[in-house]
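An overview of the molecular structure
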Amino acid sequence: MDNHFTCYAFGMVPPFAQGLVRDLRVRWALEEAGLPYTVALVGVGEGAISLADYAAIQPFGQIPALEHGDLTMFESGAIVLHIAEQSRVLLPTDAAARAHVQQWMFAALNTIEVPIQELAGIDLFYSGAAWAAEHRPAVEERVRQRLAQLTARLKDGEYLVGAFSAADILMSTVLRILRHTQLIEEQPRLLAYKQRCEARPAFARALEGQMAPFGT
Ligand SMILES: N[C@@H](CCC(=O)N[C@@H](CS)C(=O)NCC(=O)O)C(=O)O
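For the structure given in this document, a descriptive report is provided here. Remember, it's a predicted structure, so these values are computed and weren't measured experimentally.

1. Concerning the site of the ligand
The environment of the ligand is formed by F10, V21, R22, R25, Q62, I63, P64, E75 and S76. The separation between an oxygen atom of the ligand and a polar side-chain atom of R22 is 3.5 Å. Between the ligand and I63 there is a distance of 2.8 Å, counted from a nitrogen atom to a backbone nitrogen or oxygen. When the ligand is considered free in solution it has 510 Å² of accessible area, and contact with the protein chains removes 68% of it. Here the ligand occupies the largest pocket. A per-class count over the shell around the ligand returns four nonpolar, two polar and three charged.

Here you go:
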């Protein structure tokens, strides 16, 4: 099979989303795995494909999508898992450790991202709405509870399951969604974990790549 990777990314997004778009997860996984890739822009930008054409690749019109040879796929978690399976660095070979990495990948996208995304939606899209103001305290409290529970499972100086893995890519990029709040800062060990993940050179390359077309 042709082994080339193409990562789809938006050519432009509003400032509040820059550095958060979920192609960051895909780029980061590819960078960690040392797998060369090209980026295909969607929407605006030189050579970008239209959103109408992109619907054939990603049925919901969302970023990211990935092409790997003849394979086309979407959903950032599924893509990161696929990339991890192509490499030795993002998934452990030991069966139990591998299962635990997959468990934490689902926890990141389901147990943690769902309430975080609900809070971000209220703050970034509906901040003026009466229902949002009424709903927000309960949603923030649920996020705070989940972050405290996650922090209780983190050990100083470590990652979620032994060495850095695909689970850490998903978890730390989910935590980034809270950058407009101080909720991570309330949990110093969690903040240190996120900073440890983001200090990796592969993360810096991924972020730089996402930001490049935005020209900011
Ligand atoms: N569950 C999807 C969510 C993808 C998603 O929400 N992407 C955002 C950018 S980070 C998007 O494309 N938003 C535009 C839209 O939903 O129309 C995944 O993880 O891939």
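2. Regarding empty space enclosed by the protein
Here the structure, examined in full by the defined rule, presents one cavity of 30 Å³ or more. Around the largest cavity sit L20, V21, R22, L24, R25, T173, R176 and I177, which together line it. Taken together, the elements giving at least two residues each to the lining of the largest cavity come down to helix 1 (23-33) and helix 6 (166-176). The residue inventory of the lining of the largest cavity, partitioned by class, reads four nonpolar, one polar and three charged.

3. Side note on the layout of surface pockets
Estimated volume of the largest pocket: approximately 740 Å³. In terms of lining residues, the largest pocket is bounded by 28 residues, among which R22, R25, I63, E113 and Q117 are the most central. Those elements that place two or more of their residues in the lining of the largest pocket are helix 3 (76-85) and helix 4 (95-125). The calculated volume of the second largest pocket comes to roughly 150 Å³. Looking at the second largest pocket, the residues that line it are H100, Q103, W104, R153, L154, K155, E158, Y159, L160, V161 and G162. Per element, the largest residue contribution to the lining of the second largest pocket is three residues, and it comes from helix 4.

4. Digging into the packing of helix 1 against helix 8 (residues 201-211)
How two helices pack is summed up by the angle between their axes together with the distance between the axes. Running from amino to carboxyl end, helix 1 crosses helix 8 at an angle of 135°, the nearest separation of the two axes being 8 Å. Viewed along their axes, helix 1 and helix 8 adopt a mutual orientation that is oblique. Of the two elements, helix 1 crosses helix 8, and the hand of that crossing is right-handed. Here helix 1 contributes D23, L24, R27, W28, E31 and E32 to the contact with helix 8, which in turn contributes A202, F203, R205, A206, L207, G209 and Q210. A per-class count over the contact of helix 1 with helix 8 returns six nonpolar, two polar and five charged.

Conventions and cut-offs
Residues numbered from 1 in each chain as written. Predicted model: local features only at pLDDT ≥ 70, side-chain atom pairs only at ≥ 80, totals over all residues. Heavy atoms only, no water. Near = heavy atom within 4 Å. Polar contact = N/O pair within 3.5 Å; in protein donor to acceptor, adjacent residues only side chain to side chain. Areas by Shrake-Rupley, 256 points an atom, 1.4 Å probe, with all protein chains shown as cover. 1 Å grid on protein atoms, 1.4 Å probe; cavity = no way out; pocket = protein on both sides within 12 Å on 5 of 7 lines; lining within 4 Å. Sits in = over half its atoms within 2 Å of the grid points. Nonpolar A, V, L, I, M, F, W, Y, C, P; charged D, E, K, R; others polar. Points joined across faces, edges and corners; volume = space filled by probe spheres on them. Helix = DSSP H or I, 4+ residues; strand = E, 2+ residues; numbered from the N terminus. Axes fitted to C-alpha atoms, helices over the stretch in contact; angles between N-to-C directions. Parallel < 35°, antiparallel > 145°, perpendicular 65-115°, else oblique. Left-handed = near helix turned anticlockwise from the far one by under 90°. Contact = heavy atoms within 4.5 Å.

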